[in-house]
Protein chains: 2
Amino acid sequence: MYLGVDLGGTGIKIGLVDENGSILHKDSCPTQAMEDYKIIVKDMASLIKKILNDTDTNTMEIKAIGIGCPGSIDDKNGVVLYANNLNLHNAPLSCELKKYFDIPVYVGNDANCAALGEFFALNDENITDIVAITLGTGVGGGIIINKKIFTGTNGIAGELGHTVINVGGEKCSCGRNGCWEAYASATALIRDTEKAAKENPDSYVAKLVAENGGKASGEISFNAAKAGDETGKKLVENYVIYVAEGIVNIVNIFQPHAVVIGGGVSNAGDALLTPVKEYVKKNAYGGALQTKISIAKLGNDAGIIGAAFLGK
Amino acid sequence: MYLGVDLGGTGIKIGLVDENGSILHKDSCPTQAMEDYKIIVKDMASLIKKILNDTDTNTMEIKAIGIGCPGSIDDKNGVVLYANNLNLHNAPLSCELKKYFDIPVYVGNDANCAALGEFFALNDENITDIVAITLGTGVGGGIIINKKIFTGTNGIAGELGHTVINVGGEKCSCGRNGCWEAYASATALIRDTEKAAKENPDSYVAKLVAENGGKASGEISFNAAKAGDETGKKLVENYVIYVAEGIVNIVNIFQPHAVVIGGGVSNAGDALLTPVKEYVKKNAYGGALQTKISIAKLGNDAGIIGAAFLGK
């Protein structure tokens, strides 16, 4: 068995995970995000002890503990170099947690852990390379090559959301203009939905935005499109192009066995997946697309399961 | 010693390469491009025999033969799946050449071989990951991860020139719109130079184009900029942005130790390199750029040396 820790800005979620990637037991506690890393690791250790106690598990049964954390990670040494929504700078989480347990501890970037979780969830021995993307507040990416997370020479590779698809385009949170994230994130879809609602006050999109207190959400465009609204259909059509263009780039660069789409917007399911697949198939270099495109399976558990399997 | 074969649409160039990557002897013959692969390999074998004879080298001294070839390659089996400027379809070059010599034979994509050549030319044991790009008729890319060429799950990964940097933009030879190649290739620079000459008939750019028989070349914009011409300066400024935006994407995805720029346009040297470096440094994700950017060292020999080292 393994322990997977999903360390976020608001909470620490920990799961006891079996060899097959099933979560046997899960618990959580708040993150004291502004405290020193030693306090955070102390809380983590207490929660692990509680889980071991509650499930009547001996530490001898745990093969490894994995911690998924946002930010830049030195995965070779288990050190969080920098995490912008936690007060972590060069924090040796691995060393610190080993003070509590005589178990190997691994640390990885949370988006990469989620990708590793989705990789194992595919459960196909012919699949060795995947790219997992999350369409949420931002656009996250995790690259698995030869069954391992690819982190580049310094641990921070794989920032697929921060590759420009439109030079000089929409402002991105990273400071560049025209990043994929500035077009394919839920945030971007919400921005475009609000704009479309203003420009088309008689549309069903505008009605749904008004009903939602004047605020757009990631679902509104898909719901309006489903109801046959032209403004909604146009919004989804454009959004699909942005998502798919980025995926074609990924295919042309990596030729992975699979691209897995997760994050809030992926809840749209086939309404997103079907047109994205068609677009990618039509535009991938060389014509014969060998990459399977699918919706992520694990939802919010991907981080816990992937972190657990850092040591697999 | 190794033998490196650069198999192109017009010629077969073969070099005898030592352990340090120096070409000891080089020879070439025309490619009978429309003939069956067996004819091409027969010519290749004859030229290898001539080189061995001319240099008084015994086949026992050759550790491996590597063939670099344009197109899609099954590098595991040494088969050219498809090469658009040669009549090769599922051509087992490795097996065929082994009929002539009892030496291991490897086959790789030519752009990837050039990247491998440039990787060895860096001659720095701390460098394991590089991306080499060529700014020529198209934009080629070769990715080296852990000292090996990265070819994805099907041998055709690394098509960096065919990643979109401008959704819906300039038409690309691959069928998509807005590919990096459609902005950063020599072909694109020539297109933009001809356009600028027409729009600015009094510019020095226009004068140079006229002197060149009405045709632009890759050097004209750089030469005009050097002479202080505003049209030339603007052309170079824009071109630098296109090249650099693609390199920032590469850095954000791969975080390689180095990006090496080759191809015809790289002859511009510091006039290209200096502003590209500045732009990438300013825009790379996370601020602290750890990737060195340099001009390729090997020129046209990169393909021969890289092919030779496929078996190293």
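Shown above is the structure to which this text applies.
Residues numbered from 1 in each chain as written. Chains lettered and ligands numbered in written order. Predicted model: local features only at pLDDT ≥ 70, side-chain atom pairs only at ≥ 80, totals over all residues. Heavy atoms only, no water.

Quick notes on the overall build of chain A
(1) Moving on: The number of helices and strands found in chain A is ten helices and 13 strands.
(2) Moving on: What you see for chain A is a C-alpha radius of gyration of 20 Å, in line with the 20 Å of a compact globule of 312 residues.
(3) Moving on: Along the first, second and third principal axes, the C-alpha atoms of chain A reach 60 × 45 × 35 Å.
(4) Moving on: Out of the 312 residues belonging to chain A, those deemed buried represent 55%.
(5) Moving on: Restricting the contact set of chain A to residue pairs at least 6 apart, pairs at least 24 apart contribute 60%.
(6) Moving on: Carbon and sulfur atoms form 48% of the exposed surface of chain A, whose accessible area is close to 13,400 Å².
(7) Moving on: If the 28 positive side-chain charges of chain A are averaged to one point and the 35 negative ones to another, these points end up 2 Å apart. (Helix = DSSP H or I, 4+ residues; strand = E, 2+ residues; numbered from the N terminus. Rg over C-alpha atoms; globule rule 2.2 N^0.38 Å. Buried < 20%, exposed > 50% of the residue type's maximum accessible area, 1.4 Å probe, protein only. Contact = heavy atoms within 4.5 Å. Areas by Shrake-Rupley, 256 points an atom, 1.4 Å probe, with all protein chains shown as cover. Lys, Arg positive; Asp, Glu negative; His and termini not counted. Charge placed at Lys NZ, Arg CZ, Asp CG, Glu CD.)

Overview of helix α9 (residues 270–283) of chain B
All names here are of chain B.
(1) Moving on: Helix length check: α9, at 14 residues, gives a terminal C-alpha distance of 19 Å against a target of 20 Å (1.5 Å per residue), a fit within 8%.
(2) Moving on: Taken as a whole, α9 has its buried residues at L272, L273, V276, V280 and N283. Along the axis of α9, the buried positions cluster into a sector of 115°, meaning they face one direction only. The exposed residues of α9 that point more than 90 degrees off its buried face are D270, E278, K281 and K282.
(3) Moving on: Buried residues along α9 sit in contact with β9 (130–135), α7 (220–226), α8 (230–254), β12 (258–262) and β13 (292–295). (Expected span 1.5 Å × (residues − 1). Arc of directions from axis to C-beta.)

Some thoughts on the pairing of strand β8 (residues 105–109) of chain B
Residue and element names in this part refer to chain B.
(1) Moving on: Across the five residues that make up β8, a large majority, four, are buried.
(2) Moving on: One ladder, built from five bridges, connects strand β4 (residues 64–69) with β8; its direction is parallel. In the strand pairing of β8, C69 is matched with N109. (Pairing = 2+ DSSP bridges.)

Some remarks on the sheet that holds strand β7 (residues 88–91) of chain B
Each strand in a sheet pairs with its neighbour through backbone hydrogen bonds, running either in the same direction (parallel) or in the opposite one (antiparallel).
Residue and element names in this part refer to chain B.
(1) Moving on: Spatial ordering of the open sheet is given by β5-β6-β7, a layout of three strands whose pairing is antiparallel. Here the strands that pair on one side only, and so sit at the sheet edges, are β5 (72–74) and β7. Across the sheet, the mean angle separating the axes of adjacent strands is 20° when strand polarity is ignored.
(2) Moving on: The sheet contact formed by strand β6 (residues 79–83) and β7 spans three bridges and is antiparallel. Following the sheet pairing, Y82 is matched in β7 by H89. (Axes fitted to C-alpha atoms, helices over the stretch in contact; angles between N-to-C directions.)

Looking at the sheet that holds β8(B)
All names here are of chain B.
(1) Moving on: Strand order in the open sheet formed by five strands is β3-β2-β1-β4-β8, with mixed pairing between adjacent strands. Each edge of the open sheet carries a strand with a single partner, namely β3 (23–30) and β8. Averaged over all adjacent pairs, the angle separating strand axes in this sheet is 20°, with direction ignored.
(2) Moving on: Pairing of strand β2 (residues 11–17) with β3, which is carried by seven bridges, proceeds in the antiparallel orientation. For G11, the partnering residue across the bridge sits in β3 and is P30.
(3) Moving on: Running at roughly 105° to β8, helix α3 (residues 110–122) makes contact with β4 and β8 of the sheet.

Remarks on the relation of the copies chain B and chain A
(1) Moving on: Superposing chain B onto chain A requires a rotation of 180° together with a translation of 0.0 Å along the rotation axis, leaving an RMSD of 0.0 Å. With respect to symmetry, the two chain copies, as superposed, fit the operation of a two-fold axis.
(2) Moving on: The fraction of interface residues of chain B whose copies in chain A are also interface residues reaches 100%, indicating that both copies meet through the same surface. (Least-squares fit on C-alpha atoms with pLDDT ≥ 70 in both.)

What about the packing of aromatic side chains?
(1) Moving on: For the structure shown, the criterion picks out 13 aromatic pairs over all chains.
(2) Moving on: Seen in terms of ring centroids, A:F119 and A:F120 are 5.3 Å apart; in terms of plane orientation they differ by 70°. Their pairing is edge-to-face.
(3) Moving on: Residue class for A:F119 comes out buried when judged on its relative accessible area of 8%.
(4) Moving on: Ring geometry for A:Y183 against A:Y242: centres 4.8 Å apart, planes inclined by 45°, an arrangement best described as tilted. With A:Y183 in helix α4 (residues 181–184) and A:Y242 in helix α8 (residues 230–254), the pair connects residues that are 59 residues apart, well separated along the chain.
(5) Moving on: In this structure A:Y183 comes out as buried when scored by relative accessible area, which is 5%.
(6) Moving on: Here B:K312 stacks its cationic end above the ring of B:F309, 4.5 Å away from the centre of that ring. (Phe/Tyr/Trp six-rings, centres within 6.5 Å; stacked < 30°, edge-to-face > 60°. Lys NZ or Arg CZ within 6 Å of the ring centre and 35° of its normal.)

Comments concerning the interface of chain B and chain A
(1) Moving on: The partner chain A presents 34 residues to the 34 residues of chain B that form the contact.
(2) Moving on: Taking both partners together, chain B and chain A bury about 3,200 Å²; carbon and sulfur atoms supply 58% of that area.
(3) Moving on: When the buried surface of chain B facing chain A is broken down by residue, B:R176, B:I253 and B:Y285 rank first, second and third, together holding 21% of it.
(4) Moving on: For the interface between chain B and chain A, the tally reads two salt bridges.
(5) Moving on: Two residues, A:R176 and B:E245, come together in a salt bridge whose shortest N-O distance is 2.5 Å.
(6) Moving on: Along the contact surface separating chain B from chain A lie 24 residue pairs in polar contact (both at pLDDT 80 or more).
(7) Moving on: Looking at the side of chain B that touches chain A, the elements that each hand over two or more residues are β10 (139–145) and α8 of chain B.
(8) Moving on: Partitioned by chemical class, the residues of the side of chain B that touches chain A number 16 nonpolar, 14 polar and four charged. (Buried area = accessible area lost by both parts, 1.4 Å probe. Salt bridge = Lys/Arg side-chain N within 4 Å of Asp/Glu carboxyl O. Polar contact = N/O pair within 3.5 Å; in protein donor to acceptor, adjacent residues only side chain to side chain. Nonpolar A, V, L, I, M, F, W, Y, C, P; charged D, E, K, R; others polar.)

A look at the pattern of salt bridges
Opposite charge on two side chains permits them to pair, given that their charged atoms come into close proximity.
(1) Moving on: Applying the stated criterion to the full structure yields 26 salt bridges over all chains.
(2) Moving on: Ionic pairing is found between A:K26 and A:D301, a salt bridge with its closest N-O pair at 2.7 Å. Of this pair, A:K26 sits in strand β3 (residues 23–30) while A:D301 sits in the loop between β13 (292–295) and α10 (302–308); the two residues are 275 residues apart in sequence, bridging distant segments of the chain.
(3) Moving on: Given the relative accessible area of 45%, A:K26 is considered partly exposed.
(4) Moving on: Residue A:D301 is classed as partly exposed on the basis of its relative accessible area, which comes to 25%.
(5) Moving on: When the shortest N-O distance is used, the salt bridge between B:K195 and B:E199 registers 3.7 Å. Of the two residues, B:K195 and B:E199 are both situated in helix α5 (residues 186–199); the distance of four residues between them amounts to about one turn of the helix.

Observations concerning the state of the cysteines
(1) Moving on: Applying the stated criterion to the full structure yields zero disulfides over all chains.
(2) Moving on: Left unpaired, A:C174 is separated from the closest cysteine sulfur, that of A:C179, by 3.7 Å. (Disulfide = S-S within 2.5 Å.)

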